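# Structural features, examined
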Amino acid sequence: MIKALVIGDPIEHSLSPVMQNEAFVQAEIQGSYEKKRVTSEELPSFIQFLKESDYAGCNVTIPHKVAVISFLDEIDPEAEKIGAVNTVVNNNGKLIGYNTDGKGFLLGLKEKISRPISEMNILLVGAGGAARSIAYALLKENPKKLFIANRSAERLTLLVKDLNNTCVEPLSLKKAESELSRFDILINTTNAGMHPNIETMPIKLAQLKHDTVVCDIVYNPLQTKWLHTAESKGAIIDNGVSMLVMQGAMAFEKWTGTFPDTKKMKKAVIEQLRR
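Residues numbered from 1 in each chain as written. Predicted model: local features only at pLDDT ≥ 70, side-chain atom pairs only at ≥ 80, totals over all residues. Heavy atoms only, no water.

## So, the nonpolar core
Ranked by size, the top nonpolar core spans 33 residues in total, and within it L109, L138, L146 and I187 carry the most contacts. Where this core is concerned, the elements lending two or more residues are helix 4 (101–110), strand 7 (121–125), helix 5 (129–139), strand 8 (145–149), helix 6 (153–163), strand 10 (185–188) and strand 11 (213–216). The next biggest cluster of nonpolar side chains, apart from the first, holds 22 residues, and it includes I11, L15, I96 and W255. (Core = buried A, V, L, I, M, F, W, Y, C linked by side-chain atoms within 4.5 Å. Buried < 20%, exposed > 50% of the residue type's maximum accessible area, 1.4 Å probe, protein only. Helix = DSSP H or I, 4+ residues; strand = E, 2+ residues; numbered from the N terminus.)

Laid out in structure tokens, this is it:
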């Protein structure tokens, strides 16, 4: 019996148990996955509990992705570079931290594009933890140019400095909007448009060109106002379910040694969101 869970605060909204328990069924592995609210104050004692338990590991979500690092025994080099952990593996009491967010996003994106990322100009909106992990993953694919736009100039400058890559260029949100036709892929990593603030959009899409791939890491609602607007302008769209499922599948593989059926996981998440 393989046991795993997701921790965060808040955690009630998490759909990880829906998809991970479906993954156990599809992989014909006896296992269970649950969610547990862990406050910042409770994090050290939870990590000690995990170390001594028979859990295979856990997923980590807001607000613990950075704070958890100091309590782990080992950090995967990529997670260390990103500066955040979303997956912990319990290897006989030794806790190892990984980050599957960026790679998970990339797997979902590659299902939507018809040519290599190395031929594309990409705009990333946001400069938080999700943007950071996605940017690292994208840069491994050598995009023609990776533009990053963010409301806070300070946070944007810090991210660009940390990425330390000549193909990365910072932009103001206003400039990004006015030059939208330059980009082949748009990615929103902010919470703009997330329930209950469903009328907000990360940037305006007036200059959007036809056949641009527009991705949103928000998955509630399934189609944000931003994605709806993009689709009406002839864009190819992808919501946050792909990233949620793919990063979860990669975590599942680390705990079980089996990569699960992501189509069935995605179906389970979408059915739950439509209820």
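From this point, the narrative continues.
## A closer look at unusual backbone geometry
In this chain, I62 is followed by P63 through a cis amide linkage whose omega measures 10°. Tracing the chain through its elements places P63 in the loop between strand 3 (57–60) and strand 4 (74–75). At E28, a position not held by glycine, the phi torsion is positive, near 55°. With respect to the helices and strands, the residue E28 is situated in the loop between helix 1 (16–26) and strand 2 (31–37). For E28, a relative accessible area of 74% translates into the label exposed.

## Remarks on the environment of I113
Among the structural elements, I113 can be located in the loop between helix 4 and strand 7. The exposure class assigned to I113 is buried, which follows from its relative accessible area of 16%. On a C-alpha basis, the gap between I113 and M194 in space is 25 Å, while along the polypeptide they are 81 residues apart. Aside from chain neighbours lying at most four places away, what touches I113 is M120, I185 and V213. (Contact = heavy atoms within 4.5 Å.)

## Points about the sheet that holds strand 9 (residues 168–171)
The six strands lie next to each other as 9-8-7-10-11-12, forming an open sheet whose pairing is parallel. Two strands lie at the open edges of the sheet, namely strand 9 and strand 12 (236–238), each paired on one side alone. For this sheet the average axis-to-axis angle between neighbouring strands, irrespective of direction, equals 20°. Those strands touched by helix 4 are strand 10, strand 11 and strand 12, and its axis lies near 145° from that of strand 11. Contacts from helix 5 reach strand 7, strand 8, strand 9 and strand 10 within the one sheet, and its direction differs from that of strand 7 by about 165°. (Pairing = 2+ DSSP bridges. Axes fitted to C-alpha atoms, helices over the stretch in contact; angles between N-to-C directions.)

## Observations concerning the packing of aromatic side chains
What characterises a pair of aromatic rings is the spacing of the ring centres plus the angle enclosed by the ring planes. According to the stated counting rule, one finds five aromatic pairs in the structure shown. By the ring-pair criterion, three or more aromatic residues cluster together here, those being F46, F49 and Y55. The ring of Y55 is capped by K3, whose NZ or CZ atom sits 4.5 Å from the centre of that ring. Above the ring of Y98, the side-chain terminus of K254 is found at 4.1 Å from the ring centroid. (Phe/Tyr/Trp six-rings, centres within 6.5 Å; stacked < 30°, edge-to-face > 60°. Lys NZ or Arg CZ within 6 Å of the ring centre and 35° of its normal.)

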